[in-house]
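# Chain and residue survey
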Amino acid sequence: MRHFPDDFIFGSGTSAYQIEGSMDADGKSPSIWDAFCSNPENIYQGHTGEVACDHYRRHEEDIAIMQQLGLDSYRFSISWPRIYPQQGVVNQRGIAFYRSLVEKLLAANIRPMVTLNHWDIPLWVYEEGGWLNRQTIAWFADYARTMFNALDDLVDLWVTHNEPFVASLLGYYMGLHAPGHTDLKEALTMSHHLNLSHAEAVRVFRTVCKPTAQIGLTLNISPSEPIDQNPHTIELARRADGFVNRWFLDPIFKGEYPADMVGHYEKIVGPLDFIQPGDQALIDQPMDFFGLNFYQRNLVDAAEGTLLGYRGIDEKQPSDLAGWNEYPDVLLGVLRRIRDEYTDLPIIVTENGMGLDVEFGDLAERDKFGTTIGVAGSVDYIAEDGKIHDDTRIAYVHNCLRQCLDFIEEGGNLKGYYLWSLLDNFEWALGYSKRFGITYVDFETQQRTIKESGHWYASLIKARGL
(Lines give C-alpha, C1' and ligand atoms only; values in the text may rest on other atoms or scores of the structure.)
Protein backbone atom coordinates (compact mmCIF):
# COMPACT_ATOMS: atom_id res chain seq x y z
CA MET A 1 0.00 0.00 0.00
CA ARG A 2 1.15 3.53 -0.83
CA HIS A 3 0.43 6.06 1.91
CA PHE A 4 -0.53 9.72 1.87
CA PRO A 5 1.19 12.11 4.30
CA ASP A 6 -0.26 12.10 7.80
CA ASP A 7 -1.48 15.70 7.43
CA PHE A 8 -3.10 15.16 4.02
CA ILE A 9 -6.76 16.30 4.06
CA PHE A 10 -9.40 13.86 2.81
CA GLY A 11 -12.71 15.60 2.36
CA SER A 12 -15.88 15.87 0.35
CA GLY A 13 -17.86 18.85 -0.84
CA THR A 14 -21.21 20.37 -1.76
CA SER A 15 -22.60 23.79 -2.65
CA ALA A 16 -25.49 25.68 -1.13
CA TYR A 17 -27.96 25.87 -4.01
CA GLN A 18 -27.36 22.25 -4.98
CA ILE A 19 -28.32 20.78 -1.61
CA GLU A 20 -29.92 23.22 0.84
CA GLY A 21 -33.47 23.70 -0.41
CA SER A 22 -35.53 25.93 1.92
CA MET A 23 -35.28 28.64 -0.69
CA ASP A 24 -37.25 31.22 1.31
CA ALA A 25 -36.73 29.98 4.87
CA ASP A 26 -35.63 32.18 7.77
CA GLY A 27 -35.37 35.40 5.80
CA LYS A 28 -33.54 34.18 2.70
CA SER A 29 -34.29 36.12 -0.48
CA PRO A 30 -34.11 34.68 -4.03
CA SER A 31 -30.82 34.03 -5.80
CA ILE A 32 -30.22 34.21 -9.55
CA TRP A 33 -30.60 30.42 -9.59
CA ASP A 34 -34.03 30.61 -7.98
CA ALA A 35 -35.02 33.01 -10.74
CA PHE A 36 -33.36 30.96 -13.51
CA CYS A 37 -35.10 27.77 -12.38
CA SER A 38 -38.48 29.50 -12.33
CA ASN A 39 -38.47 29.12 -16.13
CA PRO A 40 -38.78 25.36 -16.77
CA GLU A 41 -37.23 25.79 -20.20
CA ASN A 42 -33.87 26.54 -18.56
CA ILE A 43 -33.43 23.25 -16.70
CA TYR A 44 -33.67 19.62 -17.74
CA GLN A 45 -37.30 18.50 -17.30
CA GLY A 46 -38.04 21.72 -15.42
CA HIS A 47 -36.24 20.58 -12.28
CA THR A 48 -35.40 23.13 -9.57
CA GLY A 49 -33.36 23.41 -6.40
CA GLU A 50 -36.40 24.38 -4.35
CA VAL A 51 -36.02 21.26 -2.18
CA ALA A 52 -32.85 19.59 -3.53
CA CYS A 53 -31.43 17.46 -0.66
CA ASP A 54 -33.32 19.42 2.03
CA HIS A 55 -29.92 19.87 3.69
CA TYR A 56 -31.00 23.08 5.43
CA ARG A 57 -33.29 20.98 7.63
CA ARG A 58 -31.40 17.67 7.46
CA HIS A 59 -27.81 18.82 7.95
CA GLU A 60 -27.40 16.87 11.20
CA GLU A 61 -28.19 13.67 9.33
CA ASP A 62 -25.64 14.64 6.68
CA ILE A 63 -22.96 15.35 9.29
CA ALA A 64 -23.59 11.88 10.69
CA ILE A 65 -22.86 10.50 7.21
CA MET A 66 -19.62 12.51 7.11
CA GLN A 67 -18.65 10.95 10.44
CA GLN A 68 -19.44 7.49 9.15
CA LEU A 69 -17.21 8.16 6.14
CA GLY A 70 -14.43 9.42 8.39
CA LEU A 71 -13.99 12.72 6.53
CA ASP A 72 -11.21 15.00 7.72
CA SER A 73 -12.93 18.02 6.20
CA TYR A 74 -16.14 19.18 4.55
CA ARG A 75 -16.21 21.88 1.89
CA PHE A 76 -19.49 23.77 1.56
CA SER A 77 -20.62 27.13 0.27
CA ILE A 78 -22.63 29.88 1.88
CA SER A 79 -25.76 31.20 0.22
CA TRP A 80 -25.10 34.93 -0.14
CA PRO A 81 -28.87 35.76 -0.22
CA ARG A 82 -29.29 33.99 3.13
CA ILE A 83 -26.85 36.54 4.58
CA TYR A 84 -27.81 39.67 2.61
CA PRO A 85 -31.46 39.24 1.55
CA GLN A 86 -31.53 42.97 0.74
CA GLN A 87 -28.87 45.54 0.02
CA GLY A 88 -27.25 46.56 3.30
CA VAL A 89 -29.42 44.21 5.41
CA VAL A 90 -27.69 41.39 7.30
CA ASN A 91 -29.90 38.41 8.13
CA GLN A 92 -28.78 37.12 11.52
CA ARG A 93 -30.84 33.94 11.10
CA GLY A 94 -28.74 33.07 8.05
CA ILE A 95 -25.53 33.64 9.97
CA ALA A 96 -26.88 31.55 12.85
CA PHE A 97 -27.54 28.62 10.50
CA TYR A 98 -23.99 28.53 9.16
CA ARG A 99 -22.45 29.10 12.57
CA SER A 100 -24.48 26.20 13.95
CA LEU A 101 -23.44 24.03 10.99
CA VAL A 102 -19.77 24.78 11.60
CA GLU A 103 -20.06 24.16 15.34
CA LYS A 104 -21.63 20.76 14.65
CA LEU A 105 -18.90 19.91 12.15
CA LEU A 106 -16.20 20.75 14.65
CA ALA A 107 -17.96 18.73 17.34
CA ALA A 108 -17.79 15.80 14.91
CA ASN A 109 -14.05 16.48 14.39
CA ILE A 110 -14.63 17.59 10.79
CA ARG A 111 -12.73 20.65 9.57
CA PRO A 112 -14.87 23.11 7.60
CA MET A 113 -13.75 24.69 4.34
CA VAL A 114 -16.05 27.57 3.43
CA THR A 115 -16.64 28.85 -0.11
CA LEU A 116 -18.12 32.34 -0.28
CA ASN A 117 -19.45 32.28 -3.85
CA HIS A 118 -20.60 29.13 -5.61
CA TRP A 119 -22.65 31.02 -8.23
CA ASP A 120 -25.91 31.75 -6.34
CA ILE A 121 -25.62 35.52 -5.94
CA PRO A 122 -28.63 37.43 -4.58
CA LEU A 123 -31.25 38.37 -7.13
CA TRP A 124 -31.16 41.96 -5.84
CA VAL A 125 -27.46 42.13 -6.78
CA TYR A 126 -28.26 40.90 -10.28
CA GLU A 127 -31.06 43.46 -10.63
CA GLU A 128 -28.49 46.17 -9.87
CA GLY A 129 -26.27 44.89 -12.70
CA GLY A 130 -24.76 41.85 -11.01
CA TRP A 131 -21.15 41.09 -11.89
CA LEU A 132 -21.32 43.56 -14.78
CA ASN A 133 -21.53 46.35 -12.21
CA ARG A 134 -18.22 47.17 -10.51
CA GLN A 135 -20.20 48.10 -7.41
CA THR A 136 -20.76 44.37 -6.89
CA ILE A 137 -17.06 44.10 -5.98
CA ALA A 138 -17.74 46.24 -2.90
CA TRP A 139 -20.94 44.34 -2.09
CA PHE A 140 -19.03 41.07 -2.24
CA ALA A 141 -16.32 42.49 0.03
CA ASP A 142 -19.00 43.54 2.54
CA TYR A 143 -20.48 40.04 2.44
CA ALA A 144 -17.01 38.48 2.85
CA ARG A 145 -16.25 40.73 5.82
CA THR A 146 -19.55 39.77 7.45
CA MET A 147 -18.78 36.05 7.13
CA PHE A 148 -15.14 36.42 8.24
CA ASN A 149 -16.30 38.24 11.36
CA ALA A 150 -19.01 35.65 11.99
CA LEU A 151 -16.88 32.52 11.58
CA ASP A 152 -13.21 33.43 11.98
CA ASP A 153 -13.04 31.88 15.45
CA LEU A 154 -14.23 28.55 13.98
CA VAL A 155 -13.06 28.38 10.35
CA ASP A 156 -9.48 28.39 9.05
CA LEU A 157 -9.96 27.41 5.37
CA TRP A 158 -11.72 29.81 3.00
CA VAL A 159 -12.35 29.96 -0.76
CA THR A 160 -13.47 33.19 -2.42
CA HIS A 161 -14.97 31.99 -5.72
CA ASN A 162 -15.70 28.61 -7.24
CA GLU A 163 -14.94 28.15 -10.94
CA PRO A 164 -15.09 31.67 -12.41
CA PHE A 165 -14.94 30.10 -15.89
CA VAL A 166 -18.28 28.35 -15.39
CA ALA A 167 -19.97 31.29 -13.71
CA SER A 168 -18.91 33.74 -16.40
CA LEU A 169 -18.70 31.82 -19.68
CA LEU A 170 -21.59 29.39 -19.07
CA GLY A 171 -23.73 32.03 -17.39
CA TYR A 172 -23.08 35.07 -19.56
CA TYR A 173 -21.91 33.71 -22.93
CA MET A 174 -23.24 30.18 -23.45
CA GLY A 175 -26.54 30.83 -21.66
CA LEU A 176 -26.49 27.41 -19.98
CA HIS A 177 -26.29 28.71 -16.41
CA ALA A 178 -27.94 31.54 -14.55
CA PRO A 179 -28.63 34.24 -15.57
CA GLY A 180 -28.70 32.78 -19.09
CA HIS A 181 -27.06 35.59 -21.06
CA THR A 182 -25.34 35.07 -24.42
CA ASP A 183 -22.93 38.00 -24.68
CA LEU A 184 -19.19 37.32 -24.82
CA LYS A 185 -18.15 40.80 -23.69
CA GLU A 186 -20.44 40.50 -20.68
CA ALA A 187 -18.83 37.15 -19.82
CA LEU A 188 -15.33 38.62 -20.06
CA THR A 189 -16.40 41.63 -18.00
CA MET A 190 -17.77 39.34 -15.32
CA SER A 191 -14.58 37.26 -15.23
CA HIS A 192 -12.54 40.42 -14.65
CA HIS A 193 -14.83 41.66 -11.90
CA LEU A 194 -14.65 38.24 -10.23
CA ASN A 195 -10.86 38.60 -10.19
CA LEU A 196 -11.11 42.06 -8.63
CA SER A 197 -13.65 40.88 -6.04
CA HIS A 198 -11.49 37.88 -5.15
CA ALA A 199 -8.57 40.21 -4.48
CA GLU A 200 -10.72 42.61 -2.47
CA ALA A 201 -12.00 39.73 -0.32
CA VAL A 202 -8.41 38.60 0.29
CA ARG A 203 -7.51 42.13 1.40
CA VAL A 204 -10.43 42.13 3.83
CA PHE A 205 -9.44 38.66 5.03
CA ARG A 206 -5.95 39.87 5.97
CA THR A 207 -7.41 42.61 8.16
CA VAL A 208 -10.09 40.50 9.87
CA CYS A 209 -9.03 36.88 10.17
CA LYS A 210 -6.54 35.15 12.45
CA PRO A 211 -3.00 34.72 11.08
CA THR A 212 -3.35 30.95 10.98
CA ALA A 213 -6.38 31.05 8.69
CA GLN A 214 -5.86 30.46 4.95
CA ILE A 215 -7.67 31.69 1.86
CA GLY A 216 -7.54 30.66 -1.78
CA LEU A 217 -9.37 30.64 -5.11
CA THR A 218 -10.75 27.58 -6.88
CA LEU A 219 -10.42 27.24 -10.66
CA ASN A 220 -11.57 24.37 -12.86
CA ILE A 221 -8.72 23.28 -15.14
CA SER A 222 -9.38 21.13 -18.20
CA PRO A 223 -6.21 20.70 -20.28
CA SER A 224 -6.85 21.08 -24.00
CA GLU A 225 -5.26 18.53 -26.31
CA PRO A 226 -5.43 18.39 -30.13
CA ILE A 227 -7.32 15.51 -31.71
CA ASP A 228 -4.40 15.13 -34.14
CA GLN A 229 -0.91 16.53 -34.67
CA ASN A 230 -1.84 18.89 -37.46
CA PRO A 231 -0.12 22.24 -36.65
CA HIS A 232 -3.43 24.07 -37.03
CA THR A 233 -5.16 21.73 -34.58
CA ILE A 234 -2.29 22.16 -32.13
CA GLU A 235 -2.73 25.92 -32.33
CA LEU A 236 -6.47 25.55 -31.80
CA ALA A 237 -5.81 23.47 -28.68
CA ARG A 238 -3.70 26.31 -27.32
CA ARG A 239 -6.56 28.68 -28.10
CA ALA A 240 -8.96 26.39 -26.23
CA ASP A 241 -6.53 26.33 -23.32
CA GLY A 242 -6.60 30.12 -23.33
CA PHE A 243 -10.39 30.15 -23.31
CA VAL A 244 -10.83 27.67 -20.44
CA ASN A 245 -7.62 27.90 -18.42
CA ARG A 246 -5.11 30.67 -19.13
CA TRP A 247 -7.70 33.47 -19.11
CA PHE A 248 -8.25 32.67 -15.43
CA LEU A 249 -4.81 31.46 -14.34
CA ASP A 250 -2.65 34.17 -15.90
CA PRO A 251 -4.08 37.33 -14.28
CA ILE A 252 -3.94 35.70 -10.83
CA PHE A 253 -0.42 34.28 -11.08
CA LYS A 254 1.34 36.12 -13.95
CA GLY A 255 -0.05 39.60 -13.49
CA GLU A 256 -1.71 39.96 -16.88
CA TYR A 257 -4.28 38.42 -19.19
CA PRO A 258 -2.77 36.24 -21.95
CA ALA A 259 -1.90 38.46 -24.91
CA ASP A 260 -3.04 35.97 -27.54
CA MET A 261 -6.51 35.74 -25.99
CA VAL A 262 -6.77 39.51 -25.62
CA GLY A 263 -6.07 39.68 -29.35
CA HIS A 264 -8.68 37.05 -30.20
CA TYR A 265 -11.33 38.65 -28.02
CA GLU A 266 -10.73 42.19 -29.22
CA LYS A 267 -11.30 41.03 -32.80
CA ILE A 268 -14.70 39.76 -31.70
CA VAL A 269 -15.98 42.27 -29.12
CA GLY A 270 -13.74 45.31 -29.55
CA PRO A 271 -11.58 46.92 -26.85
CA LEU A 272 -11.67 45.25 -23.44
CA ASP A 273 -12.40 48.60 -21.83
CA PHE A 274 -13.77 47.03 -18.65
CA ILE A 275 -10.12 46.52 -17.64
CA GLN A 276 -9.25 49.87 -16.11
CA PRO A 277 -5.79 51.32 -15.42
CA GLY A 278 -4.43 49.94 -12.15
CA ASP A 279 -6.75 46.94 -12.08
CA GLN A 280 -3.98 44.39 -12.40
CA ALA A 281 -2.18 45.85 -9.40
CA LEU A 282 -5.42 45.48 -7.45
CA ILE A 283 -5.76 41.81 -8.49
CA ASP A 284 -2.26 40.99 -7.31
CA GLN A 285 -3.05 39.70 -3.81
CA PRO A 286 -1.07 36.74 -2.42
CA MET A 287 -3.15 33.67 -1.56
CA ASP A 288 -2.36 30.84 0.85
CA PHE A 289 -3.29 27.92 -1.42
CA PHE A 290 -4.63 27.20 -4.88
CA GLY A 291 -7.86 25.23 -5.22
CA LEU A 292 -8.00 22.92 -8.25
CA ASN A 293 -11.23 21.45 -9.60
CA PHE A 294 -10.49 18.69 -12.09
CA TYR A 295 -12.77 16.36 -14.04
CA GLN A 296 -11.51 15.66 -17.55
CA ARG A 297 -9.42 16.83 -20.46
CA ASN A 298 -10.73 18.74 -23.47
CA LEU A 299 -10.04 17.16 -26.88
CA VAL A 300 -10.03 19.79 -29.63
CA ASP A 301 -10.75 19.67 -33.36
CA ALA A 302 -11.17 22.40 -35.97
CA ALA A 303 -14.70 23.69 -36.52
CA GLU A 304 -15.62 26.56 -38.80
CA GLY A 305 -18.24 28.98 -37.58
CA THR A 306 -17.51 28.57 -33.87
CA LEU A 307 -16.35 31.34 -31.56
CA LEU A 308 -12.63 30.54 -31.74
CA GLY A 309 -12.55 28.07 -34.64
CA TYR A 310 -12.61 24.84 -32.66
CA ARG A 311 -14.98 22.40 -31.00
CA GLY A 312 -14.60 19.98 -28.13
CA ILE A 313 -14.80 16.27 -28.92
CA ASP A 314 -16.81 13.92 -26.73
CA GLU A 315 -14.42 11.27 -25.49
CA LYS A 316 -15.41 7.79 -24.38
CA GLN A 317 -14.35 7.36 -20.77
CA PRO A 318 -12.96 4.08 -19.40
CA SER A 319 -15.33 2.06 -17.26
CA ASP A 320 -12.88 0.17 -15.05
CA LEU A 321 -9.57 0.60 -13.27
CA ALA A 322 -7.60 -1.24 -15.95
CA GLY A 323 -8.96 1.14 -18.58
CA TRP A 324 -8.16 4.20 -16.49
CA ASN A 325 -4.63 2.96 -15.80
CA GLU A 326 -4.04 2.79 -19.56
CA TYR A 327 -5.44 6.31 -19.99
CA PRO A 328 -3.04 9.29 -19.97
CA ASP A 329 -2.23 10.76 -16.55
CA VAL A 330 -4.11 13.99 -17.19
CA LEU A 331 -4.49 15.11 -13.57
CA LEU A 332 -0.79 14.55 -12.88
CA GLY A 333 -0.01 16.75 -15.88
CA VAL A 334 -2.30 19.47 -14.56
CA LEU A 335 -0.66 19.38 -11.11
CA ARG A 336 2.80 19.59 -12.66
CA ARG A 337 1.73 22.46 -14.89
CA ILE A 338 0.37 24.49 -11.97
CA ARG A 339 3.63 23.94 -10.10
CA ASP A 340 6.00 24.53 -13.04
CA GLU A 341 4.23 27.41 -14.82
CA TYR A 342 2.24 29.24 -12.17
CA THR A 343 2.89 28.90 -8.47
CA ASP A 344 4.67 27.11 -5.65
CA LEU A 345 1.64 27.59 -3.39
CA PRO A 346 0.18 24.49 -1.75
CA ILE A 347 -2.44 22.91 -4.01
CA ILE A 348 -5.72 21.44 -2.78
CA VAL A 349 -7.90 19.41 -5.13
CA THR A 350 -11.17 21.07 -4.13
CA GLU A 351 -13.33 19.01 -6.51
CA ASN A 352 -12.89 15.74 -8.37
CA GLY A 353 -15.50 13.12 -9.12
CA MET A 354 -17.73 11.43 -11.67
CA GLY A 355 -21.36 11.94 -12.60
CA LEU A 356 -23.37 8.87 -13.59
CA ASP A 357 -26.78 8.76 -15.23
CA VAL A 358 -29.95 8.35 -13.23
CA GLU A 359 -32.16 5.30 -13.49
CA PHE A 360 -35.15 7.16 -14.91
CA GLY A 361 -36.06 9.34 -17.85
CA ASP A 362 -35.17 9.78 -21.49
CA LEU A 363 -31.85 11.60 -21.38
CA ALA A 364 -31.59 12.29 -25.11
CA GLU A 365 -32.92 15.82 -24.60
CA ARG A 366 -30.29 16.58 -21.97
CA ASP A 367 -27.55 17.63 -24.41
CA LYS A 368 -28.94 21.14 -24.78
CA PHE A 369 -28.38 21.72 -21.06
CA GLY A 370 -24.67 20.91 -21.20
CA THR A 371 -22.52 17.84 -20.70
CA THR A 372 -20.48 16.48 -17.85
CA ILE A 373 -18.06 13.65 -17.28
CA GLY A 374 -19.62 10.23 -17.30
CA VAL A 375 -19.55 6.75 -18.79
CA ALA A 376 -22.16 5.77 -21.34
CA GLY A 377 -24.45 3.08 -19.98
CA SER A 378 -23.35 3.50 -16.37
CA VAL A 379 -26.35 4.12 -14.13
CA ASP A 380 -26.53 5.11 -10.47
CA TYR A 381 -29.37 3.12 -8.90
CA ILE A 382 -30.22 0.99 -5.90
CA ALA A 383 -29.79 -2.66 -6.84
CA GLU A 384 -31.89 -5.55 -5.56
CA ASP A 385 -29.40 -6.11 -2.75
CA GLY A 386 -30.04 -2.56 -1.52
CA LYS A 387 -26.60 -1.31 -2.58
CA ILE A 388 -25.42 1.18 -5.20
CA HIS A 389 -22.65 -0.55 -7.14
CA ASP A 390 -20.90 2.47 -8.68
CA ASP A 391 -17.69 0.67 -9.59
CA THR A 392 -17.04 3.06 -12.48
CA ARG A 393 -16.84 5.95 -10.02
CA ILE A 394 -14.47 4.01 -7.75
CA ALA A 395 -12.19 3.25 -10.70
CA TYR A 396 -12.08 6.88 -11.80
CA VAL A 397 -11.44 8.28 -8.31
CA HIS A 398 -8.85 5.60 -7.54
CA ASN A 399 -6.94 6.56 -10.66
CA CYS A 400 -7.07 10.28 -9.83
CA LEU A 401 -5.88 9.67 -6.28
CA ARG A 402 -3.07 7.51 -7.62
CA GLN A 403 -1.95 10.48 -9.70
CA CYS A 404 -2.17 12.69 -6.61
CA LEU A 405 0.17 10.28 -4.83
CA ASP A 406 2.54 10.27 -7.80
CA PHE A 407 2.71 14.06 -7.58
CA ILE A 408 3.32 14.02 -3.83
CA GLU A 409 6.00 11.36 -4.11
CA GLU A 410 7.91 13.42 -6.67
CA GLY A 411 7.89 16.35 -4.26
CA GLY A 412 4.68 18.12 -5.29
CA ASN A 413 3.05 20.37 -2.72
CA LEU A 414 -0.43 18.80 -2.68
CA LYS A 415 -2.20 19.15 0.67
CA GLY A 416 -5.70 17.79 0.25
CA TYR A 417 -8.39 16.14 -1.86
CA TYR A 418 -12.17 16.78 -1.75
CA LEU A 419 -14.27 14.17 -3.51
CA TRP A 420 -17.25 15.67 -5.33
CA SER A 421 -19.77 15.22 -4.03
CA LEU A 422 -20.97 14.15 -0.63
CA LEU A 423 -24.58 13.83 -1.81
CA ASP A 424 -26.40 13.37 -5.07
CA ASN A 425 -27.74 16.83 -5.72
CA PHE A 426 -29.23 19.37 -8.11
CA GLU A 427 -26.76 19.40 -10.98
CA TRP A 428 -27.51 22.93 -12.21
CA ALA A 429 -29.00 23.03 -15.73
CA LEU A 430 -28.79 19.22 -15.88
CA GLY A 431 -31.27 19.06 -13.00
CA TYR A 432 -31.40 15.63 -11.37
CA SER A 433 -30.29 13.74 -14.50
CA LYS A 434 -26.77 13.17 -13.14
CA ARG A 435 -25.66 11.75 -9.80
CA PHE A 436 -22.23 12.79 -8.53
CA GLY A 437 -22.66 11.75 -4.91
CA ILE A 438 -20.95 9.09 -2.87
CA THR A 439 -24.24 9.09 -0.97
CA TYR A 440 -27.41 8.23 -2.88
CA VAL A 441 -30.38 10.54 -2.29
CA ASP A 442 -33.93 9.44 -3.02
CA PHE A 443 -35.33 12.86 -3.90
CA GLU A 444 -38.92 11.80 -3.18
CA THR A 445 -38.31 10.43 0.33
CA GLN A 446 -34.97 12.20 1.06
CA GLN A 447 -33.57 8.88 2.28
CA ARG A 448 -29.77 8.73 2.13
CA THR A 449 -27.81 5.57 1.28
CA ILE A 450 -24.02 5.47 1.21
CA LYS A 451 -22.88 4.04 -2.13
CA GLU A 452 -20.14 1.48 -2.59
CA SER A 453 -17.89 4.41 -3.61
CA GLY A 454 -18.58 5.99 -0.23
CA HIS A 455 -17.66 2.84 1.64
CA TRP A 456 -14.54 2.52 -0.50
CA TYR A 457 -13.56 6.12 0.21
CA ALA A 458 -14.10 5.56 3.94
CA SER A 459 -11.73 2.57 3.83
CA LEU A 460 -9.16 4.62 1.95
CA ILE A 461 -9.35 7.42 4.53
CA LYS A 462 -9.00 4.96 7.38
CA ALA A 463 -5.94 3.37 5.77
CA ARG A 464 -4.57 6.77 4.62
CA GLY A 465 -3.44 5.14 1.41
CA LEU A 466 -4.13 3.25 -1.79
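Before reading further, recall that the structure is shown in the block above.
Keep in mind the model is a prediction, meaning the values are calculated, not measured.

Taking 1.5 Å of rise per residue, the 12 residues of helix α16 (residues 452-463) would be expected to cover 16 Å, and the 17 Å separating its terminal C-alpha atoms lies within 8% of that figure. Of the positions making up α16, those classed as buried are S453, G454, Y457, A458, L460 and I461. All buried residues of α16 project into a common sector of 160° when viewed along the axis, lining one side. Buried residues along α16 sit against β1 (9-13), α3 (55-69), α15 (391-409), β12 (414-420) and β15 (448-450). Phi for R464, located one or two positions after α16, is positive at around 60°.

Our focus in this paragraph is the sheet that holds strand β6 (residues 224-226). Taken in spatial order, the 3 strands line up as β6-β8-β9 in an open sheet, and their pairing is mixed. At either margin of the open sheet sits one strand with a lone partner, and together these are β6 and β9 (310-313). With direction set aside, neighbouring strand axes in the sheet form an average angle of 45°. Where β6 and strand β8 (residues 298-302) come together, 3 bridges link them in parallel fashion.

So, about the sheet that holds strand β5 (residues 214-220). Strand order in the closed barrel formed by 8 strands is β1-β2-β3-β4-β5-β7-β10-β12, and the pairing between neighbours is parallel. Adjacent strand axes in the sheet meet at a mean angle of 25°, parallel and antiparallel pairs treated alike. Relative to strand β10 (residues 347-352), strand β7 (residues 289-293) is paired through 4 bridges, and the arrangement is parallel. Residue pairing in the sheet places F290 in a bridge with I347 of β10. Seen against the sheet, helix α5 (residues 92-107) touches β2 (73-77) and β3 (111-117) and runs at an angle of roughly 170° to β2. Running at roughly 175° to β12, α15 makes contact with β1, β10 and β12 of the sheet.

Our next topic: the pattern of salt bridges. Oppositely charged side chains can form a pair if their charged atoms are brought close together. Taken as a whole and judged by the stated rule, the model has 38 salt bridges. Notably, a salt bridge pairs K185 with D273, separated by 3.0 Å at the nearest N-O pair. Separated by 88 residues along the polypeptide, K185 in helix α9 (residues 184-208) and D273 in the loop between α11 (259-269) and α12 (279-283) bring together distant segments of the chain. Look at K185 and you get partly exposed, because its relative accessible area is 23%.

About the cut-offs
- Residues numbered from 1 in each chain as written.
- Predicted model: local features only at pLDDT ≥ 70, side-chain atom pairs only at ≥ 80, totals over all residues.
- Heavy atoms only, no water.
- Helix = DSSP H or I, 4+ residues; strand = E, 2+ residues; numbered from the N terminus.
- Expected span 1.5 Å × (residues − 1).
- Buried < 20%, exposed > 50% of the residue type's maximum accessible area, 1.4 Å probe, protein only.
- Arc of directions from axis to C-beta.
- Contact = heavy atoms within 4.5 Å.
- Pairing = 2+ DSSP bridges.
- Axes fitted to C-alpha atoms, helices over the stretch in contact; angles between N-to-C directions.
- Salt bridge = Lys/Arg side-chain N within 4 Å of Asp/Glu carboxyl O.

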